[in-house]
4 protein chains.
Amino acid sequence: TTIRDLGVEIGVLNTGPLNSITDVYGVKVGHYTLIQGSDVRTGATAILAHDGNIFQQKVPAAIYIGNGFGKLAGYSQVEELGNIETPIILTNTLSVPTAADALIDYTLSQEGNEDVRSVNPVVGETNDGYLNDIRGQHITKKHVISAIKAADSNKVQQGNVGAGTGTRAFGFKGGIGSSSRVLPEKLGGYTVGALVQTNFGGVLEIAGVPVGKELNKYYLSDSLNGSPDGSCMMVLATDAPLDARNLKRLAKRAVMGLAKTGGIASNGSGDYVIAFSTSESVRIPYSAEQPITTVELLRNERMSPLFMAAIEATEEAIINSLFAAETMEGRDGHVLQSIPKDKIIKLLKDYGRITE
Amino acid sequence: TTIRDLGVEIGVLNTGPLNSITDVYGVKVGHYTLIQGSDVRTGATAILAHDGNIFQQKVPAAIYIGNGFGKLAGYSQVEELGNIETPIILTNTLSVPTAADALIDYTLSQEGNEDVRSVNPVVGETNDGYLNDIRGQHITKKHVISAIKAADSNKVQQGNVGAGTGTRAFGFKGGIGSSSRVLPEKLGGYTVGALVQTNFGGVLEIAGVPVGKELNKYYLSDSLNGSPDGSCMMVLATDAPLDARNLKRLAKRAVMGLAKTGGIASNGSGDYVIAFSTSESVRIPYSAEQPITTVELLRNERMSPLFMAAIEATEEAIINSLFAAETMEGRDGHVLQSIPKDKIIKLLKDYGRITE
Amino acid sequence: TTIRDLGVEIGVLNTGPLNSITDVYGVKVGHYTLIQGSDVRTGATAILAHDGNIFQQKVPAAIYIGNGFGKLAGYSQVEELGNIETPIILTNTLSVPTAADALIDYTLSQEGNEDVRSVNPVVGETNDGYLNDIRGQHITKKHVISAIKAADSNKVQQGNVGAGTGTRAFGFKGGIGSSSRVLPEKLGGYTVGALVQTNFGGVLEIAGVPVGKELNKYYLSDSLNGSPDGSCMMVLATDAPLDARNLKRLAKRAVMGLAKTGGIASNGSGDYVIAFSTSESVRIPYSAEQPITTVELLRNERMSPLFMAAIEATEEAIINSLFAAETMEGRDGHVLQSIPKDKIIKLLKDYGRITE
Amino acid sequence: TTIRDLGVEIGVLNTGPLNSITDVYGVKVGHYTLIQGSDVRTGATAILAHDGNIFQQKVPAAIYIGNGFGKLAGYSQVEELGNIETPIILTNTLSVPTAADALIDYTLSQEGNEDVRSVNPVVGETNDGYLNDIRGQHITKKHVISAIKAADSNKVQQGNVGAGTGTRAFGFKGGIGSSSRVLPEKLGGYTVGALVQTNFGGVLEIAGVPVGKELNKYYLSDSLNGSPDGSCMMVLATDAPLDARNLKRLAKRAVMGLAKTGGIASNGSGDYVIAFSTSESVRIPYSAEQPITTVELLRNERMSPLFMAAIEATEEAIINSLFAAETMEGRDGHVLQSIPKDKIIKLLKDYGRITE
């Protein structure tokens, strides 16, 4: 069951056919889920901007940092050059170097990259150390490559998969979530897709309903206890022809979507948004004969509908991650319950969001 | 009537006694409202960090830019030096220079500032040009000084006053709004106050209830028409002892509060947050014998409750501005209706927010 | 006499025909110099990106802040939208609001702008308060408009003119300076021009010769006395087709040129660089039927020669300002001597820079 | 021979006793140099802010990015929280993940860190791929740990050691360099130390003498050939009590020192500056009973001499790296010559810098 299956719509724009980041033309997503014994609960998720050699055909991109208590790799080069040249990997905090290393191997070994001596791997993370033996650093380069190889353009698997295997959100089991929005044809018909790895806290709201407050389970609910820390990695893809500057602006809006779920971007949170455009008209070839590139760009004035789409898709992707995640036991017998769907359905009814 | 009078609480923290930015010890606010003839509908609002000579006793401060389509004066020096040295003025877009000039005059003429040759005026704005003859630039330096002189520490007047006289929000009459939050004693007992000048659009939500959607009045509701543009100026004050770095982090959270009202930080929006601390332990004297200052600072780990307070206070301040604003006619016969309170109360009931 | 007249070349690239920012196609510069009585020594300088209505045909632009102790107007909107929509005005610190107001009047009154209700004036400044009665705020809107009207594409007048009338640099008389560089045809043949308003300190170096040290006139030369404060406004223009991102990168290099003159970007300095492209292929029309703009952009890989040009042109523009400035007496009998050319020529010889 | 041995002084401030970053109280530096067969020419350099457990006793820090074509790890958390919690490692581009992994292992295994589940490794790099088989990724975690273990507070070894083993600068052999400056007692007597890993290009200047131009070896010297790319990692340490904001400002000045050597921060350059304070009065304990920390901070007005020190120390550190580096042959028979000292000494004489 998703929130949308219950008849609850988030926002005012239509979703794409899959309601998934893979609605954006060219985007592929793959997971590797690592569950071993009683205390390994982690994984990796790969997001590919297109089917080809991404190093040779870079995509314009930007990264916005909502709160920077995190270990994301690749920030400064993306900001300087305005592009991404590898798949994006999400994983756990202490496996960022391993994933970065895997991306280097992957890129160096791709056909056509025989002379490449510099690669900027982009890796995001959240800390799954509550359920997962994170200090054990169980993710290997092979796992990361497996996630890349598993990537396809189907509806994204959500919940306890890939980088979301061991995560926690709002005191419940978090995970991977995804959603998309499509603009009306008159506004360009562009698609914006979001994929999130939820591992943060605050006061949960679902479609505006104060679920966290009603369940009496929220940050500060028992004064000094309970931490909202953790992080939320957000990835936005669009087929709108945007350059890095407008992608940065788009990325900022994802945090507004997070806010609507009750997230507070707490001190200990690593809230990063990676945004890229798959439009072929803005693709950036690694090498080119010509010094000048001709690009087609959406004007500033046309950005607002995309901003709205990013906010809505991010909000719904977070909620989707919660609905998809299932109760999991992990390290030291720690258990994270999935959100209590029955109670939530009742609340959605009490608050007029579901009308029978 | 405020939203709180209706029994609706926004967030989980308590408000201060006035539910106003003036709950923060030392903060004073004053308005000058300029309504003349059929087409002058504007004003100025002054926020003072303390009672003394602010140039001689600067306060730590930071400015966060949610979306920078705006003309705020003073940004770079605040960011470089980490402090504010004048009252903060809010006014209309084309009167920023006049207000900045007034702040220079004000500062140069203060006792003790006889040798001052450099002043960094901080002035924010939104565009009230729908109701106001903004091209006429009717605000004078005297008006701005009047706002400063009118400043007191009472509950802030809200709605169609000062810089909020002619503004528009979500297609309705906007204005000035304010709110505050107080942390539990165990978390320091600090107060965070917000003051906003609302002039922006999106899809209005009140306490999570999709008011804009239900009223069928929102950005994109009739496809291509309707603009969400405009801006939101947000000012945050706190008595927590914060330096500029943590004030910048606090400022970022105000945009999350804005997001919860349905704002989308559209392309044409100037969404700025100015945050400062009134704590005397972080005050910055203009001149000092000693090269070293001893300051008491809240640790990073203690910031999360303040972030939450900033989100809640900003959200409620925006909603307060809408409840306080009244229908106004202005330039060229343009009319902005106040929010339809009866309908909204009904919606709050339908959505379980008000229970009789 | 200029440094180049003496046979000293700064850098390795060729200058344009005028060795002036006006070598960049379309750029015009105008000054208004205000010298009155014994204590008014100030002015305004206008830089126009092109001949037309700049509001209707905006140019891509970026602003880099070396050290932000300054009052520049217009920063945030330039950064958000990536363009400039008015002439750029340089003036004294306390006249920024007046100049901003003048730019608003100028823009509102231009043919075609009858419905404009939002203008982002860009105004830079340095503090000429040593020679000038800056507290008197003698610059009026008329003066600023005069500077705009005086703009032409001739070689820029340098020294004690316009915004450089009362400035001080390295303890000597500073002023306006300009220089340009032209890339070899194989690298695109682009021109980069710099215009500076010099009012800062450090340890003067001319073409690598330690002039300040030799003259025993530099920051810290007598231990505690002497301040390097003040500011340097730098404006870069180019006809290379660059977007805001690469213009920001270009702007950063101007501070490297400043460094080579011995500037240290002291605590009290407002070191700002405004960079824009005059290329018609990247022009940004205010309104457009089409949502998509086709632009031609120079690839990242082609930027390095432009960076080098920006460094060289800025360094030489600063030196040019010093050679052009003449001794001036002003407020309270303060006198600033021009650089001692005879001694400097001797030093340039001693240090092998001039060979007879 | 160093430049200073030749009697040439860079700048006007005194050096510390070692003219090395280790003049800053508490700082330790260690190298691991990896030279194997004909094509492995690389290494790692560790900089430790103090002797204790850095994770438990973090130091205030900031990172400034001159040009971000680089893979530095750790940026965003340093910026958000204002501190560094590991040793700083410099290595080659493709070994950043390995070094980051080593820092995680190192930190997790330190006594007192048994419960740590989140570590922010700070790793900088330059690309030594001209001499080194960088694609082979020969650096292991053991090598990195060895560099940390080798750290001491002696004068830093310079040239072809550690992370500088295989680097190239201005077309010559680059390497590790270091220098320091001490302020006069009246200005606080603080020390600023710089350590650099030089691997960049431009038009070499030594103490203002146009060496690159005279040797006809500089970027663009034969029109289209020759690349200035590569990078410069710069690390600044000081015992002045600075917070992250003023450390960021200090960091910006290092790029001004780089500019004075003729660097241009080319498109392909990764020019990063990491600055930290070793002052115990600003140390940041990982956990603390008290929510408030009392810190002693240098006032903004006292920063200028430190800025000057940072510029001078960085410039000299870069020149030191060139004087210390020796000719090296590496991958595919590539050879990098050390700077031609005889010719340079002659030039220093011709240009009046050395007087017999």
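The preceding data block contains the structure.
The sections below set out a description of the structure shown in this document. Worth saying up front: this structure is predicted, and the values here are computed from it rather than measured. (Residues numbered from 1 in each chain as written. Chains lettered and ligands numbered in written order. Predicted model: local features only at pLDDT ≥ 70, side-chain atom pairs only at ≥ 80, totals over all residues. Heavy atoms only, no water.)

1. Points about empty space enclosed by the protein
Point 1. Evaluated as defined, the whole model comprises 13 cavities of 30 Å³ or more.
Point 2. Approximately 530 Å³ is the volume attributed to the second largest cavity.
Point 3. Taken together, 39 residues make up the lining of the second largest cavity; nearest its centre are Glu205 and Lys260 of chain A together with Glu205, Gly208 and Lys260 of chain B.
Point 4. Breaking the lining of the second largest cavity down by element, the ones donating at least two residues are helix H6 (304-324) of chain A together with helix H5 (244-260) and helix H6 (304-324) of chain B.
Point 5. For the lining of the second largest cavity, the class distribution of residues is 17 nonpolar, eight polar and 14 charged. (1 Å grid on protein atoms, 1.4 Å probe; cavity = no way out; pocket = protein on both sides within 12 Å on 5 of 7 lines; lining within 4 Å. Points joined across faces, edges and corners; volume = space filled by probe spheres on them. Helix = DSSP H or I, 4+ residues; strand = E, 2+ residues; numbered from the N terminus. Nonpolar A, V, L, I, M, F, W, Y, C, P; charged D, E, K, R; others polar.)

2. Considering the side chain of threonine 107 of chain B
Point 1. Along the chain, the position of threonine 107 of chain B falls in helix H2 (residues 96-108).
Point 2. Beyond its immediate chain neighbours, meaning those up to four positions away, threonine 107 of chain B contacts Phe55, Thr86, Asn113 and Val119 of chain B. (Contact = heavy atoms within 4.5 Å.)

3. Observations concerning the sheet that holds strand S5 (residues 88-92) of chain B
Residues and elements named next belong to chain B.
Point 1. Read from one edge to the other, the open sheet built from four strands follows the order S1-S2-S5-S6, with strand pairing classed as mixed. Both outer strands of the open sheet, strand S1 (28-36) and strand S6 (122-126), are each paired with one neighbouring strand and no more. Across this sheet, the average inter-strand angle for adjacent strands is 15 degrees, counted without regard to direction.
Point 2. Pairing geometry for S1 and strand S2 (residues 40-48), over nine bridges, is antiparallel. The residue bridging threonine 33 from the neighbouring strand is glycine 43, located in S2.
Point 3. Helix-sheet contacts for H2 involve S5 and S6, and the interaxial angle to S6 is about 155 degrees. (Pairing = 2+ DSSP bridges. Axes fitted to C-alpha atoms, helices over the stretch in contact; angles between N-to-C directions.)

4. With respect to the relation of the copies chain D and chain A
Both copies of the chain are related by a screw-like operation: a rotation about an axis and a shift along it.
Point 1. The two copies are related by a screw motion: chain D maps onto chain A through a turn of 180 degrees and a shift of 0.0 Å along the axis, at an RMSD of 0.0 Å. The two molecules are tied by a two-fold rotation axis, judged by turn and shift. Relative to the rotation axis, the C-alpha of proline 97 of chain D is the closest in chain D, positioned 2.1 Å from it. (Least-squares fit on C-alpha atoms with pLDDT ≥ 70 in both.)

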